[in-house]
Structure formats: structure tokens, C-alpha cells
Amino acid sequence: MKQLSNEVSSEVSVVIPAYNIRSYLMPALLSLQQQTLSSFEALIVDDGSTDGTAEAAIAFAKGDQRFRVLRKKNGGLSSARNHGIRHARSDYIALLDGDDLYSPDKLARHVAVLQQKPEVGVVYSASQAIRDDGRPTPIRLSGKPVYADPLIALLCKNFIGHGSNAVFRKRIFEEVGEFDESLRSCEDIDFWLRIAAVRHWQFYRDPQVLCKYRVRPSGLSFNVERMHFCQMQVLESARQRSPETVEPMLPTARAYAYRLLARLSLSAGDRDQAEHYIGQAWAEDATIFYRDPRSLITLVSVKLMPVANVIIGRLLGRASSVHK
């Protein structure tokens, strides 16, 4: 690997939370080395790993001075992200989970938008799902919001999609606060909702697929009960911040939340739970099933679960934590 000079200029700080992901970490780091924008710093935050993740990261960083390893006691994903951002030296922050991948132009395209458009606070792109073993799947997230107003859109669906997609201004982190470390799920959507609530930052979508996110059985979103609790907590927090905007949308927002829980239950093979959550979604706002194709697909899949299990297995190789 190429050695850089002691003075490393960085236009963007990439924060990489890493907890027991040694077998996935190297491809993520290599995807950073292949960026067309070379002026970045990469902060690998080892969150108390016990599988050699920290040692692998330290060995990698010795060959490239743009990479630094920060070690801390285990505190969860939000804690690791916050720790990395606090140590970041750039004006822009990129998030990359340690088992995901960037396309070569990811940083260059997003940083260019932030430099050219001061009204934009968060940039993200379309993305592609990959299997646990790194092979591609047909699952693609366009990132298109379901409503024009980003606050209303985020109440219903996380259009950013996953934790490895956004690049944002560091000053926003200082303005709206850190990732909520009390949340064990949905911490990213809570953060985006807080940004949308201040009303003076735009979200910018790049339609190109610029990152790949890995679906794994051990993903945080696979705990359906925990996600249910966190979803409702996040919606209530959003209501308290912006009651006039959020309260009229709550039935629809809850319908989308229950639809997501039904999809997760479907992935886990729990038909009774999937039936329960899809029924809850229908009771909250049945219109989502004819306005949103993904919601309709989830409804049909729950009703035809044996067939859906076969399809999911073929797409992802096995039951997965698809949560987008």
C-alpha cells in the first residue's frame, strides 16, 4: 500500500463503526482506498470487538496514513458513530458500516454537491443489496422519498435507506445533537428526522448506485420486537418536536412502520407475527397498500408466505435482515 506524507489533507471524514466484523472489514476499507477522491480520513471505531477486528484494522492502517483506529468499550452503533464524529477533523462526515462497500465515486460525487450547494445538508444515493457472502442481489433502493416534504417522507420510510449511505455537514451534528445512544435500532432515522425538523437543510439524492449494503442474519434490524419499540419511540419524539406536522401523519407513519415489521417477520419465517403486523398496518392506513408498490408486495408476500420464503431464500441465500 502507498505511504502518504505525514500531513494528510482530508475533505471528508469517514466514520466506520466496527464490532466483531473482521471477516467483512477488509473489503470495506479497500473500497475506501479505491475512491477517486483521495483526500479523506477514515476513522475505524472498534467498539470493543473480541474477534480480532481491532488488530486487523490496526494492521491495515499501518500501510495508509489516512486510516486511524479508535478503540473504545462496547457501547453500540450510535456510541461508535458519535465517538468517531467527535474525533473527525473534516467539515464533512461520511458514514460507512464496516460490512458495507462504497463505489469508487461515492465520496467525490457527494462532497462536490456539498461544496457547490450550501443549502444541502445531507447527500445520499441509490444503493444495492449484497448477500452475506458479498454476491449481488436484485434488491435495489432508489432513495426516492414518498412525499416531497422530507420530514413527512422520513416519518413513513427511511429514504436514505441504511447507515452507510449519507454524507453530511459536521456542523449539523453539532446543531441537532448526536445519535441517540439509548436507541438500539432506528437511531439513523431519528437523526435524519431531527435534521428535517429544523427545516433549513435540504436532502439531496444522487440517483446512481454508489454503495452496497450487506444483509446479514445478525443485523440489528432482525430483532423485530426491539425495532417495534424503537420505531414507536422515534415517532413519538418526532411528534413532540413538530406536533402540527407530525400528528396528522401518525396513522400513515405507523402503517409504514408495521408494514416494515411484517417484512422483517416474513424474513424471520414467523408467519403469525407477520400476519399480526400486516393487520396492524391495514388498520392504521390501508391506503399505503395501493399507493406504495413495496407495501403491496409485503401484503401479498405475507398472505403467500410459503412461496415468499422460497423467493427470499433464492434472492439472499437464506433468511436475512433486509430492513429497507
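Look above for the structure.
Please read all numbers here as calculations on a predicted model, not as lab measurements. Every residue gets a number counted from 1 within its own chain, in the order that chain's sequence is written. Residues qualify for local features only when their pLDDT is at least 70, as the model is predicted, and side-chain atom pairs are given and counted only at 80 or more; totals for whole chains, interfaces and linings, by contrast, use all residues. Each side-chain value is worked out from all heavy atoms of the structure, with water and hydrogens disregarded.

A. Fine view of the overall build of the chain. Helix and strand labels come from DSSP, where a helix needs a run of H or I of at least four residues and a strand needs a run of E of at least two; each type is numbered from the N terminus. A count of helical and extended segments in the chain gives 14 helices and 9 strands. Throughout, the Shrake-Rupley method with a 1.4 Å probe supplies accessible areas, and for residues the shown protein chains are the sole cover considered. Only carbon and sulfur atoms are counted for the fraction: they give 51% of the accessible area of the chain, which is about 13900 Å².

B. Local environment of the packing of aromatic side chains. The aromatic pairing rule takes the rings of Phe, Tyr and Trp, using the six-membered ring of Trp, and pairs them if the centres are within 6.5 Å, calling planes under 30 degrees apart stacked, those over 60 edge-to-face and the rest tilted. If you walk through the whole model with that rule in mind, you get 11 aromatic pairs. On the numbers, 5.5 Å between centres and 35° between planes, the contact of Tyr124 with Phe159 is tilted. With a gap of 35 residues between them, Tyr124 in strand β6 (residues 120-130) and Phe159 in the loop between α5 (150-156) and β8 (167-169) connect regions that are remote in the sequence. Across the pair, exposure class does not vary: Tyr124 and Phe159 are buried alike. One aromatic cluster is present, built from ring pairs that chain together Phe168, Phe173, Phe179, Phe191 and Trp192. Geometrically, a charge over a ring is one whose NZ (Lys) or CZ (Arg) sits within 6 Å of the ring centre while staying within 35 degrees of the ring normal. Sitting over the face of the ring of Phe179, Arg81 holds its NZ or CZ atom 5.3 Å from the ring centroid. Buried, partly exposed and exposed residues are distinguished by accessible area as a fraction of the type maximum, computed with a 1.4 Å probe on protein chains only: under 20%, between the cut-offs, and over 50%, respectively.

C. Summary view of the pairing of strand β2 (residues 40-47). Burial analysis of β2 places 8 of its 8 residues in the buried class, the great majority of the element. Burial along β2 is two-sided: the face carrying Phe40, Ala42, Ile44 and Asp46 and the face carrying Glu41, Leu43, Val45 and Asp47 are both buried. Note on pairing: two strands pair once DSSP finds at least 2 bridges between them. Bridge analysis of strand β1 (residues 12-18) against β2 gives 7 bridges, and the strand direction is parallel. Bridging across to β2, Ser13 finds its partner in Glu41. At this point the chain moves from β1, through helix α1 (residues 22-33), to the parallel β2, and the crossover so formed is right-handed. When β2 meets strand β3 (residues 67-72), the two strands line up parallel, connected through 6 bridges. Residue pairing for β3: Val45 is matched across the bridge by Leu70. Clockwise travel from the first strand over the helix to the second, with the strands pointing away from the viewer, marks a crossover as right-handed.

D. Quick peek at unusual backbone geometry. Even without a glycine there, the phi angle at Asn20 is positive, about 50°. Within the element layout of this structure, Asn20 appears in the loop between β1 and α1.

E. Broad picture of helix α8 (residues 224-241). By definition here, a helix of n residues has an expected span of 1.5 Å times n minus one. In this model α8 runs 26 Å from its N-terminal to its C-terminal C-alpha over 18 residues, within 8% of the 26 Å that 1.5 Å per residue would give. By definition, residues are in contact when any of their heavy atoms lie within 4.5 Å. Close packing links the buried residues of α8 with α5, α7 (187-198), α9 (243-246), α10 (250-268) and α11 (271-285).

F. Highlighting the pattern of salt bridges. For this analysis, a salt bridge means a side-chain nitrogen from Lys or Arg found within 4 Å of a carboxyl oxygen belonging to Asp or Glu. Scanning the entire structure with this criterion turns up 21 salt bridges. Salt-bridge contacts for Asp285 lead to Arg291; the nearest nitrogen and oxygen are separated by 3.6 Å. Look at the salt bridges and you will find they share partners, linking Glu41, Arg68 and Arg89 into a network.

G. Molecular detail of α10. Look at α10: 27 Å from first C-alpha to last across 19 residues, which is about the 27 Å you get at 1.5 Å a residue. Counting buried residues along α10, 16 of its 19 residues qualify, which places the element largely inside the surrounding structure. Two residues or fewer after α10 comes Gly269, characterised by a positive phi angle close to 80°.

H. Region of interest: the pairing of strand β7 (residues 136-141). Of the two faces of β7, only one is covered, namely that formed by Thr137, Ile139 and Leu141; the face formed by Pro136, Pro138 and Arg140 stays uncovered. The sheet contact formed by β6 and β7 spans 3 bridges and is antiparallel. From the neighbouring strand, Ser127 faces β7, where its bridge partner is Leu141. In sequence, β6 turns back onto β7 through a hairpin of 5 residues, with Gly134 there showing a positive phi of about 95°.

I. Looking closely at the packing of α1 against helix α2 (residues 53-61). Contact pair α1 / α2: the axes reach a minimum separation of 9 Å and the direction vectors enclose 25°. What the angle tells us is that α1 and α2 run roughly parallel. Remark: the crossing between α1 and α2 carries right-handed chirality. Contacts from Arg22, Leu25, Met26, Leu29, Leu30 and Gln33 of α1 reach α2 at Thr53, Ala56, Ala57 and Phe60. In this count, Pro and Cys sit with the nonpolar residues alongside Ala, Val, Leu, Ile, Met, Phe, Trp and Tyr, while Asp, Glu, Lys and Arg are called charged and the others, Gly among them, polar. Tallied by class, residues from the contact of α1 with α2 come to 7 nonpolar, 2 polar and 1 charged. As a rule, the C-alpha atoms of each element are fitted with a line to give its axis, helices using only the stretch in contact, and angles between N-to-C directions run from 0 to 180 degrees. Under this scheme an angle from 65 to 115 degrees is roughly perpendicular, one under 35 degrees roughly parallel, and one over 145 degrees roughly antiparallel; angles in between are oblique. The handedness criterion is simple: a crossing whose near helix is rotated anticlockwise from the far helix by less than a right angle is left-handed, and one whose near helix is rotated clockwise is right-handed.

J. Focus on the side chain of Asp132. Here Asp132 lies in the loop between β6 and β7. Polar contact criterion, stated in full: a pair of N or O atoms within 3.5 Å, where within protein one must be able to donate a hydrogen and the other to accept it, and residues adjacent in sequence count only if both atoms are side-chain atoms. Within the local environment of Asp132, its side chain forms a polar contact with the side chain of Tyr24, the two groups lying 2.6 Å apart.

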